[in-house]
Amino acid sequence: MAGRLLALSARSIKARPVPLGAAGAHSNPALDATRAMIGNREIVGYGMNGQPHYYDRSDIPLPAIRWKEATADIKCLREKEKGDWRQLSMEEKKALYRASFKLTYSEFKAPTGEWKQIVGASLMLVSVALWFYMAVRVVTRVPLPDSFSEEKQQAQLRRILDLHVNPITGLSSQWDYEKDDWKK
Amino acid sequence: MPIFHRFIDFFNRPDIDGWDVRQGINDILMFDMVPDPKVVIAALYACRRVNDYAITVRFLEAVKNKCGSLESQIYPWMIQEIAPVLCELGVDTPEGLGYDQPELHLDSVFDMH
């Protein structure tokens, strides 16, 4: 009795129609996400890390996907590519290259001149800093103390000589103490 | 100078497919050396077998880049060694296609705001 019920229910499950159409087509969300990212481009290899990204790198030349989507004229070039390559014209060879790759080695390695922007911007910032420095020096200027006046500096020099400061190789060695004047 | 017979045997497989050719080319260029001409020739024949012309030119550009600062010494010798195969397969060198000088300029994606 239980077995008969089980068999009946199994047959009804088998008889239920499997949903086709939209629900059946989206059975691979990873592929849909990839196609949303790269469009119709053919995935041709492992690339750098297994992800279907395009890149131009000098150390890993062949990326995982082609650059251009397969249009009718590219498909027709692919048919021609299966034959003798000596039959391809120069434009067709270039078109085949550009279909798979965005930039050639000499193009993506070409100097960009970015260093000029960087040096220029750095020097501009340095000059702003110098302006700030000069402004600070101007704004914070105070009068010198009176010990900087000419008579007081001369009195200090007299005192240095009377104390025989640095007598062997310095200032007092240049002063003649008998004549009370600088040595000639 | 090691020749890497493994790579030559890998590229000489008659049933090789595009995925493996690209993997093999990326791998031989990962080593810190310019590939031996025998390996380059085997890879070019493998590209012919999978009917992909663009990767031959890209591979030759990559070999030239791999020469580094010694490019003027190594690259002409390399082209001379593989010249018969280039003639036989109808592969152009990058210079032959005019790709040794930049032809196209496209803005880098990193500069787009």
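Residues numbered from 1 in each chain as written. Chains lettered and ligands numbered in written order. Predicted model: local features only at pLDDT ≥ 70, side-chain atom pairs only at ≥ 80, totals over all residues. Heavy atoms only, no water.

Caption draft 1: The arrangement of unusual backbone geometry in detail. Residues and elements named next belong to chain A. Not every positive phi belongs to a glycine, and His164 is a case in point at roughly 55°. Along the chain, His164 turns up in the loop between helix H8 (150–162) and strand S1 (175–176). Judged by its relative accessible area of 41%, His164 falls in the partly exposed class. The residue Asn166 is not glycine, and still its phi comes out positive at about 55°. (Helix = DSSP H or I, 4+ residues; strand = E, 2+ residues; numbered from the N terminus. Buried < 20%, exposed > 50% of the residue type's maximum accessible area, 1.4 Å probe, protein only.)

Caption draft 2: Seen up close, the interface of chain A and chain B. With 38 residues of chain A in contact, the opposing surface of chain B contributes 38 residues. Across the chain A to chain B interface the summed buried area is about 3400 Å²; carbon plus sulfur atoms make up 56%. Along the contact surface separating chain A from chain B lie five salt bridges. Taking the shortest distance from any N to any O, the salt bridge between Asp52 of chain B and Arg66 of chain A comes out at 3.4 Å. Those elements that provide at least two residues to the side of chain A that touches chain B are helix H5 (90–100) and helix H6 (105–108) of chain A. (Contact = heavy atoms within 4.5 Å. Buried area = accessible area lost by both parts, 1.4 Å probe. Salt bridge = Lys/Arg side-chain N within 4 Å of Asp/Glu carboxyl O.)

Caption draft 3: Structural detail: the packing of helix H4 (residues 54–66) of chain B against helix H5 (residues 71–89) of chain B. Residues and elements named next belong to chain B. In the contact formed by H4 and H5, the axes pass within 9 Å of each other and the chain directions differ by 150°. On the basis of the axis angle, H4 is roughly antiparallel to H5. Between H4, through Leu60, Val63 and Lys64, and H5, the contact on the second element is made entirely by Glu71, Tyr75, Met78, Ile82 and Leu86. Of the residues in the contact of H4 with H5, the class split is six nonpolar, no polar and two charged. (Axes fitted to C-alpha atoms, helices over the stretch in contact; angles between N-to-C directions. Parallel < 35°, antiparallel > 145°, perpendicular 65-115°, else oblique. Nonpolar A, V, L, I, M, F, W, Y, C, P; charged D, E, K, R; others polar.)

Caption draft 4: Structural context of helix H2 (residues 18–28) of chain B. Residues of H2 of chain B that are buried: Val21, Arg22, Gly24, Ile25, Asn26 and Ile28 of chain B. Along its buried surface, H2 of chain B packs onto helix H1 (5–11), helix H3 (37–49) and H4 of chain B.

Caption draft 5: Layout of the pattern of salt bridges. Residues and elements named next belong to chain A. In this structure the tally under the stated criterion is 21 salt bridges over all chains. One salt bridge connects Arg98 with Glu107, and the closest N-O pair in it is separated by 2.7 Å. Of the two residues, Arg98 and Glu107, neither departs from the other in class, the shared state being buried. Ionic pairing is found between Lys152 and Asp146, a salt bridge with its closest N-O pair at 3.3 Å. Looking at Lys152, the relative accessible area reads 39%, which means it is partly exposed.

Caption draft 6: Representation of the packing of aromatic side chains within the structure. The full count for this structure, using the stated rule, is 11 aromatic pairs over all chains. Taking the centre distance of 4.9 Å and the plane angle of 85° together, the rings of Trp175 of chain A and Trp182 of chain A count as edge-to-face. Its relative accessible area of 35% is what places Trp182 of chain A among the partly exposed residues. Ring geometry for Phe4 of chain B against Phe31 of chain B: centres 4.8 Å apart, planes inclined by 40°, an arrangement best described as tilted. A residue pair is termed long-range when its members are at least 10 positions apart, and Phe4 of chain B in the segment before H1 and Phe31 of chain B in the loop between H2 and H3 qualify at 27 residues. Residue class for Phe31 of chain B comes out partly exposed when judged on its relative accessible area of 31%. Over the ring of Trp85 of chain A we find Arg48 of chain B; its NZ or CZ atom is 4.2 Å from the centre of that ring. (Phe/Tyr/Trp six-rings, centres within 6.5 Å; stacked < 30°, edge-to-face > 60°. Lys NZ or Arg CZ within 6 Å of the ring centre and 35° of its normal.)

Caption draft 7: A look at the state of the cysteines. This model, assessed by the stated rule, comprises zero disulfides over all chains. Cys87 of chain B provides the cysteine sulfur closest to Cys47 of chain B, a residue in no disulfide bond, and the two sulfurs are 17 Å apart. (Disulfide = S-S within 2.5 Å.)

Caption draft 8: Up close: the environment of Arg158 of chain A. Relative to the helices and strands, Arg158 of chain A is located in helix H8. Beyond its immediate sequence surroundings of up to four residues, Arg158 of chain A is in contact with Trp175 and Asp180 of chain A.

Caption draft 9: Representation of the packing of H2 of chain B against H3 of chain B in the model. Residue and element names in this part refer to chain B. The geometry of H2 relative to H3 is characterised by a closest axis approach of 10 Å and an angle of 160° between their N-to-C directions. Taken together, H2 and H3 sit at an angle that is classed as roughly antiparallel. Between H2 and H3 lies a crossing of left-handed hand. Along the contact surface, H2 presents Val21, Ile25 and Ile28, while H3 presents Val39, Ala43, Ala46 and Cys47. Broken down by class, the residue content of the contact of H2 with H3 amounts to seven nonpolar, no polar and no charged. (Left-handed = near helix turned anticlockwise from the far one by under 90°.)

Remember, this is a structural readout, not a statement about activity or role.
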